[in-house]
Amino acid sequence: MSAPVDPAAVAANVAAARRRIERAGGAGVEIVAVTKTFGADAVLAAAAAGCDGIGESYAQEVAAKWRELAGRQLPALHFIGRLQTNKVRSLVPHVASYDTVDREALAAEIARRAPGARVMVQVSPAGEPDKGGCPAADVPRLVERASALGLTVVGLLAVGPTEGGPEAARPGFRRVRALADELGIATCSMGMTDDLEVAVEEGATQVRLGSALFGPRPHRH
Ligand SMILES: *Cc1c(COP(=O)(O)O)cnc(C)c1O
């Protein structure tokens, strides 16, 4: 885990991120603070700074951190990483929203372990297989299957392409917003530190910010 975070710096960074979002026309867009690789202190700093949610990507980290955070009043925890079915069980006590559902087997395991849970379907707008995500064409069926399993599908999540800068993410984000509208889904979780403006312009309702709030992450995985 990385160095301790300074709560005052995090509060200033959250305020700066809110200004970026507003300048992009996104009044009311929620900030999910991505605390992966940072310690429990980052979660507490994000909560104190008024972030709307906390995002974690690694199941083992969640178990360890949330043990340390037991009894605290915290924003909703979103799981935003690649999720193997055998990890779902360990997340159930902590996670409020499973945002990377990209296949029916995973939806089924979440429905079995956490009946009625809130989920998002992760869309792979650019078809980059290494990032996970369901091909856009298959999303309507997955949404229908997840709902039939009793899950509450609240949103779609998308990660922009690694290459090409923020503008490269625009067409994919636009496609994901259109898909959400077609399906009557309100929440679009798209946009990270480098492409949040583009995501907000294209209709994100939630951005996931890590390095903008906590600084660079030590390399991992
Ligand atoms: C790490 C991560 C983020 C945050 O990335 P930053 O560029 O640090 O803001 C957002 N979404 C997902 C899915 C991530 O894995």
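In what follows, the structure referred to is the one given above.
Here goes a summary of the coordinates provided. Residue numbers run consecutively from 1 along every chain, following the written order of its sequence. Given that the model is predicted, a residue must reach a pLDDT of at least 70 before its local features are reported, and side-chain atom pairs must reach 80 or more before they are shown or counted; all residues, however, enter totals for whole chains, interfaces and linings. Computation of side-chain values covers all heavy atoms of the structure but excludes hydrogens and water.

With respect to the nonpolar core
Alright, step 1. Membership of the largest hydrophobic core comes to 64 residues, with the highest contact counts inside it found for Ile31, Tyr98, Ile110, Leu156, Leu213 and Phe214.
Alright, step 2. Among the elements that take part in this core, helix α2 (residues 40-48) stands out by supplying five residues, more than any other.
Alright, step 3. Contacts: residue pairs with any heavy atoms within 4.5 Å of one another. Each residue touching isoleucine 110, except ones within four places of it in the same chain, is listed here: Leu83, Val88, Tyr98, Val101, Pro115, Ala117, Val119 and Leu151. Note on terminology: a nonpolar core comprises buried Ala, Val, Leu, Ile, Met, Phe, Trp, Tyr and Cys residues joined through side-chain atoms within 4.5 Å. Burial status follows relative accessibility: with a 1.4 Å probe on protein chains alone, a residue under 20% of its type maximum counts as buried, one over 50% as exposed, and anything between as partly exposed. Only DSSP runs of H or I with at least four residues qualify as helices, and only runs of E with at least two residues qualify as strands; both kinds are numbered from the N terminus onward.

Details of the pairing of strand β5 (residues 118-124)
For a regular strand, side chains alternate in direction, first toward one face of the sheet and then toward the other.
Alright, step 1. For β5, a buried count of six out of seven residues is recorded, marking the element as mostly surrounded by other parts of the structure.
Alright, step 2. Read from strand β4 (residues 97-101) through helix α5 (residues 104-113) to β5, the crossover connection turns out right-handed.
Alright, step 3. When DSSP locates at least two bridges between a pair of strands, those strands are taken to pair. Where β5 lies against strand β6 (residues 134-135), two bridges are found, and the strand directions are parallel. Bridging across to β6, serine 124 finds its partner in proline 135. When the strands point away from the viewer and the connection leading from the first strand across the helix to the second strand turns clockwise, the crossover is called right-handed.

Comments concerning helix α1 (residues 7-23)
Alright, step 1. The span expected for a helix works out to 1.5 Å for each residue beyond the first. With 17 residues, α1 ought to run about 24 Å at 1.5 Å a step, and its terminal C-alpha atoms sit 24 Å apart, in line with that.
Alright, step 2. Taken together, the buried residues of α1 touch β1 (30-34), α2, α8 (196-201), β9 (206-209) and α9 (211-214).
Alright, step 3. The N-cap residue of α1 is aspartate 6: its side-chain oxygen and the backbone nitrogen of alanine 8 are 3.0 Å apart.
Alright, step 4. After α1 finishes, the residue glycine 25 shows a positive phi value of roughly 90°. Polar contact is defined as a pair of N or O atoms within 3.5 Å, subject to the rule that within protein one atom must be able to donate a hydrogen and the other to accept it, and that residues adjacent in sequence are counted only when both atoms are side-chain atoms.

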